[in-house]
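# Fold and contact review
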Amino acid sequence: MGNSLKAIVAFVPSDECQKYLLEDLEEMPVDKMVDLSGRQLRRLPLHICSFRELVKLYLSDNNLNHLPPELEQLQNLQILALDFNNFKALPLVVCTLKQLCILYLGNNKLCSLPLELRLLRNLRTLWIESNCLQCLPEVVCELSLLKTLHAGSNALRTLPTQLRCLQELRTIWLSGNLLSEFPPVLLDMPFLEVIDVDRNSIRFFPSLAHLPGLKLVIYDHNPCRNAPKVAKGVRRVGRWSEESPEPRKRSGAVIEITLDEKPSPPPAAKPEPE
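Residues numbered from 1 in each chain as written. Predicted model: local features only at pLDDT ≥ 70, side-chain atom pairs only at ≥ 80, totals over all residues. Heavy atoms only, no water.

## Here's the deal with the nonpolar core
We count it as follows: Side-chain atoms within 4.5 Å link the members of a nonpolar core, which is a set of buried Ala, Val, Leu, Ile, Met, Phe, Trp, Tyr and Cys residues. Residue exposure (1.4 Å probe, protein chains only): buried if accessible area is under 20% of the type maximum, exposed if over 50%, otherwise partly exposed. Segmentation of the chain into domains, including their bounds, is taken from an automatic or database domain assignment. The contact criterion used throughout is that any non-hydrogen atoms of two residues lie within 4.5 Å.
By size, the foremost hydrophobic cluster in this structure holds 70 residues, and its most contacted members are Leu126, Leu163 and Leu186. When residues of this core are assigned to domains, at least three fall in each of domain 1 (24-109) and domain 2 (133-242). Apart from the residues within four sequence positions on either side, Leu163 is in contact with Leu136, Cys141, Leu149, Ile172, Val185, Leu186 and Met189. Of all hydrophobic cores here, the second largest spans seven residues; its members include Tyr58, Ile79, Cys101 and Tyr104.

Structure below.
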């Protein structure tokens with residue numbers, strides 16, 4: 001079915017048309033995964049909510065702006081992908097899915113996250129990149145098992161001090177925000193392994209040499225005048241990353257090294273729960 005036809009059919013709310021978009025998905029697949037990405041859906045077909053053993057549900061790249069309360073029936077769901085939709089607020093029914101490990105909310109229109117998000121005690125990966133967040137919602141700091149936080153391409157200027165409570169956090173992606181200084185709270189998080197502050201407005205980097213868990217720091221595309229000092233064996237991606245922390249001049253010119261090898265997985269590469 002062509003995308004043009006899907007787009008036309010998606011405007012018709014009848015059950016027959018919605019069934020047509022699902023391409024005859026009547027029973028839960030054996031692998032307990034349903035992928036409805038890119039189907040031009042404007043509402044989630046209710047019969048999907050009857051697949052009570054469902055573990056993975058991908059709804060990326062549709063036209064969704066709400067979810068039915070019947071979604072609460074999917075209490076075995078571990079992965080939910082809602083990225084590339086039209087959500088202005090996270091449907092509260094998502095916060096009832098207590099087994100969720102991975103939640104994709106990127107590329108929507110979210111300005112905040114509900115306090116009920118704290119109920120997702122098993123959440124380990126949260127993608128909220130490319131939304132309208134001007135500050136990191138403090139409720140994120142209550143997700144005690146969170147290991148990966150992708151909050152790039154928002155309008156963040158600071159990070160809450162409560163973030164240091166996330167002692168399981170290993171990777172934080174903050175590229176493409178409005179940070180004018182390196183977030184001080186990250187200096188108090190020795191368990192971090194990957195820090196990405198690419199494409200911000202940071203002019204000075206403090207030493208990160210005291211962070212024993214650090215393996216990779218990405219700081220490219222900042223107007224900085226120094227590279228962050230790191231411990232031996234830590235990889236840096238940014239200018240002067242292979243030189244001394246201060247720029248080395250040759251013939252009056254500053255040697256800049258910029259590596260275009262940021263290891264952030266594309267939205268389509270969905271990691272599996274651990």
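Read on, since the account is not over.
## Notes on the packing of aromatic side chains
Under the convention used in this document: Two rings from Phe, Tyr or Trp (for Trp, the six-membered ring) form a pair when their centres sit within 6.5 Å of each other. Planes less than 30 degrees apart are called stacked, planes more than 60 degrees apart edge-to-face, and all others tilted.
Per the counting criterion, the structure on display carries three aromatic pairs. Ring-pair connections join several aromatic residues into one group, and the members of that group are Phe182, Phe205 and Tyr219.

## A closer look at the sheet that holds strand S3 (residues 79-81)
Going by this rule: One requirement defines pairing of two strands: DSSP has to find at least two bridges between them. In this description a helix means any DSSP run of H or I spanning at least four residues, a strand means any run of E spanning at least two, and both kinds are numbered starting from the N terminus. Helix axes are fitted only over the stretch in contact, all axes being lines through C-alpha atoms; the angle between N-to-C directions runs from 0 to 180 degrees.
One open sheet holds the 10 strands; their spatial order is S1-S2-S3-S4-S5-S6-S7-S8-S9-S10, and the pairing between them is parallel. Looking at the sheet topology across the chains shown, the edges are occupied by strand S1 (33-35) and strand S10 (235-237). Each neighbouring strand pair of the sheet contributes to a mean axis angle of 5°, computed without reference to strand direction.

## Focus: the environment of Asn226
So the rule is basically this: Two N or O atoms form a polar contact when they lie within 3.5 Å of each other; inside protein one atom must be a possible hydrogen donor and the other a possible acceptor, and for residues adjacent in sequence the pair counts only when both atoms belong to side chains.
By secondary structure assignment, the location of Asn226 is in the loop between strand S9 (216-218) and S10. Given the relative accessible area of 6%, Asn226 is considered buried. With 23 residues separating them in the primary sequence, Asn226 and Arg203 have C-alpha atoms 7.9 Å apart. At 2.9 Å, the side chain of Asn226 and the backbone oxygen of Phe205 are in polar contact.

## Some thoughts on the pattern of salt bridges
This is how the line gets drawn: For this document, the term salt bridge refers to a Lys or Arg side-chain nitrogen within 4 Å of an Asp or Glu carboxyl oxygen.
Summed over the entire model, instances satisfying the criterion amount to four salt bridges. The partner of Asp188 in a salt bridge is Arg164, and the shortest N-O contact between them spans 2.9 Å. Here Asp188, found in the loop between strand S7 (171-173) and strand S8 (194-196), pairs with Arg164, found in the loop between strand S6 (148-150) and S7; they are 24 residues apart in sequence, far enough to count as distant. A relative accessible area of 41% places Asp188 in the partly exposed class. Of the residues examined, Arg164 reaches a relative accessible area of 34% and is grouped as partly exposed. The partner of Asp198 in a salt bridge is Arg199, with the nearest N and O atoms 3.8 Å apart. Classification of Asp198 as buried rests on a relative accessible area of 5%. Taking relative accessible area as the criterion, Arg199 reaches 47% and is therefore assigned partly exposed.

## Details of unusual backbone geometry
The residue Phe84 is not glycine, and still its phi comes out positive at about 60°. Residue classification places Phe84 among the partly exposed residues on the basis of a relative accessible area of 33%.

## Examining the side chain of Asn154
Relative to the helices and strands, Asn154 resides in the loop between S6 and S7. Given a relative accessible area of 9%, Asn154 falls into the buried group. In terms of polar contacts, Asn154 uses its side chain to reach the backbone carbonyl oxygen of Ala151, at 3.2 Å. Contact partners of Asn154, with chain neighbours within four places excluded, come to Ile128, Glu129, Ser130, Asn131, Cys132, Leu133, Gly176 and Asn177.

## Notes on the confidence of the model for the protein
Selection criterion: The pLDDT score gives, residue by residue, the confidence of the prediction method on a 0 to 100 scale.
Of the residues in the protein, 79% reach a pLDDT of 70 or more, and the chain-wide mean stands at 86. Note that pLDDT drops below 50 for residues 7-11; the model gives that stretch nine contacts with residues more than four away or on any other chain. Predicted confidence is poor over residues 244-268, with pLDDT under 50, and the contacts of this stretch with residues over four places away or in other chains come to 46 contacts.

## Some points on the environment of Asp198
As for its placement among the helices and strands, Asp198 is situated in the loop between S8 and S9. Distance in space between the C-alpha atoms of Asp198 and Trp173 is 8.5 Å, their sequence separation being 25 residues.

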